[in-house]
Amino acid sequence: MSQFIIENCVHEKFIHFCGNLALDVLDKELPLQNISYKKVTVYETEALNPVIHEKYHAIVFFSPSGVRSFAKNNSLENAILFSIGETTSKEIRKHTNSEIFTSQENTLLNILSVIKNRLVKDLS
């Protein structure tokens, strides 16, 4: 996103509403390009670290903090792993060597498409 902003929005001002664990890429890069940017933390992420006794065929992750919370007490092995983007996939790789199916866009529609395509492949 920072590259897009730098290339296309140099005269705009940005306010980034995010959680306390948001990456600091925008904080570092936009001011270097004299782009007005302010980060506003609007929520605190709380890790729940659940223990899941059931075994699932597939697991879908939507954030790195979700991966850390799940992986603390559960295994990622023997399940098909899906991730909403590369940042989340990077976190999953810290906990397993299993294949990860990653959406190219960070949208619900895109991750659902990845899941559908992979699971249809399993049924074939």
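Being a predicted model, the structure only gives us computed values, none of them experimental.

Cut-offs and rules
Residues numbered from 1 in each chain as written. Predicted model: local features only at pLDDT ≥ 70, side-chain atom pairs only at ≥ 80, totals over all residues. Heavy atoms only, no water. Axes fitted to C-alpha atoms, helices over the stretch in contact; angles between N-to-C directions. Helix = DSSP H or I, 4+ residues; strand = E, 2+ residues; numbered from the N terminus. Parallel < 35°, antiparallel > 145°, perpendicular 65-115°, else oblique. Left-handed = near helix turned anticlockwise from the far one by under 90°. Contact = heavy atoms within 4.5 Å. Nonpolar A, V, L, I, M, F, W, Y, C, P; charged D, E, K, R; others polar. Buried < 20%, exposed > 50% of the residue type's maximum accessible area, 1.4 Å probe, protein only.

Explain the packing of helix α3 (residues 64–71) against helix α4 (residues 86–93) here, please?
For any two helices packed against each other, the geometry is given by the interaxial angle and the distance between the axes. Here α3 crosses α4 at 25 degrees, and the two axes come no closer than 8 Å. By the angle class used here, α3 and α4 are roughly parallel. Pair α3 / α4 crosses with right-handed handedness. Seen from α3, the contacting residues are P64, V67 and R68; seen from α4, they are T87, T88, E91 and I92. A breakdown of the residues in the contact of α3 with α4 according to their chemical character gives three nonpolar, two polar and two charged.

Please clarify how the environment of L81 should be interpreted in this entry.
With respect to the helices and strands, the residue L81 is situated in strand β4 (residues 80–83). Since its relative accessible area comes to 0%, L81 is described here as buried. Along the chain, L81 and T102 lie 21 residues apart, while their C-alpha atoms are 8.5 Å from each other. Every residue in contact with L81, bar those within four places of it in the chain, is listed here: I59, F61, L76, I92, T96, S98, E99, I100 and F101.

When you look at the side chain of S83 in this model, what are you seeing that I'm missing?
With respect to the helices and strands, S83 occurs in strand β4. Look at S83 and you get buried, because its relative accessible area is 0%. When residues no more than four places from it in sequence are discounted, the contact partners of S83 are F61, T88, S89, I92, I100, F101, T102, S103 and I111.

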